[in-house]
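Residue-level structural notes
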Amino acid sequence: GCTDSEADNFDESANVDDGSCEYLGCMNPEAWNYDSEANVDDGSCYFSPFGPDPDTDCNATILVPAETTITVDGELVAIGTWLGVFYTDTNGDLAYGGGVQWFGEVTSIAAWGAEGGDDNGFQSGEVFTWAIYDLNTNETTPIDFVEYSFGSDSYSCNGLSGITALEDNI
């Protein structure tokens, strides 16, 4: 059996290691939570610096035009910066509700809505909280000012909004 106590299938009754030890984790090297020690993929991979994508049925779409101005400390952010929207969970903490890596081209963000009273996304009418993740600095920066060109600054199922500016330190 597996004699490594760190393995997910450790067998305390085994006295000879038969090479069957399993280490569960994300095995995709392109994922943010890649685990080089894993030998069994557990499906936990996520591809955003903010965490795993929620999985809900009803989303709001936030359009991000190519000409959107995104600044931190008055400076334009680098191409490849991640944009994220966050909701407040039942503990009062911010939780990742959707995002996209921005390349200076038209894109959109799906903001995931909560399902049936669950705490797995935005509640109807909840205001979007924004942050960016800069790949050059590996830092997440909260955004203080968001300018919307149309739609609302809050979640609605199948809602549509568009932004023209994201700025911090206004």
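Residues numbered from 1 in each chain as written. Predicted model: local features only at pLDDT ≥ 70, side-chain atom pairs only at ≥ 80, totals over all residues. Heavy atoms only, no water.

1. Focus on the sheet that holds strand β7 (residues 94–101)
Note on sheets: strands pair through backbone hydrogen bonds, and any given pair is parallel or antiparallel. Spatial strand order, β7-β6-β9-β10: four strands in an open sheet with antiparallel pairing. Across the chains shown, the open sheet's two edge strands, defined by having one partner strand only, are β7 and β10 (139–142). Along the sheet, successive strands turn relative to each other by an average axial angle of 30 degrees, direction set aside. Judged from the seven bridges that link them, strand β6 (residues 82–88) and β7 form a sheet pairing that is antiparallel. Across the sheet, residue valine 85 finds its bridge partner in β7, namely glycine 98. (Pairing = 2+ DSSP bridges. Helix = DSSP H or I, 4+ residues; strand = E, 2+ residues; numbered from the N terminus. Axes fitted to C-alpha atoms, helices over the stretch in contact; angles between N-to-C directions.)

2. Some details on a nonpolar patch on the surface
Together, Trp32, Phe47 and Leu135 line one region of the surface with nonpolar side chains, adding up to about 280 Å² of accessible area. Structurally, the position occupied by tryptophan 32 is in the loop between β1 (24–25) and β2 (40–41). (Patch = residues over 30% accessible without salt bridge, like charges linked within 9 Å, V, L, I, M, F, W, Y side chains within 5 Å. Areas by Shrake-Rupley, 256 points an atom, 1.4 Å probe, with all protein chains shown as cover. Salt bridge = Lys/Arg side-chain N within 4 Å of Asp/Glu carboxyl O.)

3. Here's the deal with the nonpolar core
Ranked by size, the top nonpolar core spans 24 residues in total, and within it Ile62, Leu83, Val85, Ile109, Phe128, Trp130 and Leu166 carry the most contacts. Broken down by secondary-structure element, the contributors of at least two residues to this core are β3 (59–64), β4 (69–72), β6, β7, β8 (107–112), β9 (129–134) and β12 (160–167). Aside from chain neighbours lying at most four places away, what touches isoleucine 109 is Ala60, Thr61, Ile62, Val64, Leu83, Val85, Gly98, Gly99, Val100 and Trp130. (Core = buried A, V, L, I, M, F, W, Y, C linked by side-chain atoms within 4.5 Å. Buried < 20%, exposed > 50% of the residue type's maximum accessible area, 1.4 Å probe, protein only. Contact = heavy atoms within 4.5 Å.)

4. Considering the pairing of β6
Of all seven residues making up β6, six are buried, and the element is well covered by its neighbours. Once β6 ends, the chain turns through five residues before running back antiparallel as β7, passing glycine 92 with a positive phi of about 85 degrees. In this structure, β6 lies alongside β9, joined through five bridges in antiparallel fashion. Opposite valine 85, over in β9, you have tryptophan 130 as the bridge partner.

5. A few points about a negative patch on the surface
A grouping of Asp8, Glu22, Asp41 and Asp42 is seen on the molecular surface, where their side chains present a negatively charged patch. Mapped onto the elements, aspartate 42 comes out in the loop between β2 and β3. (Lys, Arg positive; Asp, Glu negative; His and termini not counted. Charge placed at Lys NZ, Arg CZ, Asp CG, Glu CD.)

6. What about the side chain of aspartate 134?
Among the secondary structure elements, aspartate 134 is positioned in strand β9. The exposure class of aspartate 134 is buried, given its relative accessible area of 16%. Once residues lying within four places of it in the same chain are set aside, the contact partners of aspartate 134 are Thr81 and Glu139.

7. Here we look at unusual backbone geometry
Positive phi outside glycine occurs at aspartate 73, with the angle close to 50 degrees. The topology assignment puts aspartate 73 in the loop between β4 and β5 (75–76). Residue class for aspartate 73 comes out exposed when judged on its relative accessible area of 56%. Backbone geometry at asparagine 158 places phi at a positive 65 degrees, although glycine is not the residue there. Structurally, asparagine 158 can be placed in the loop between β11 (145–150) and β12.

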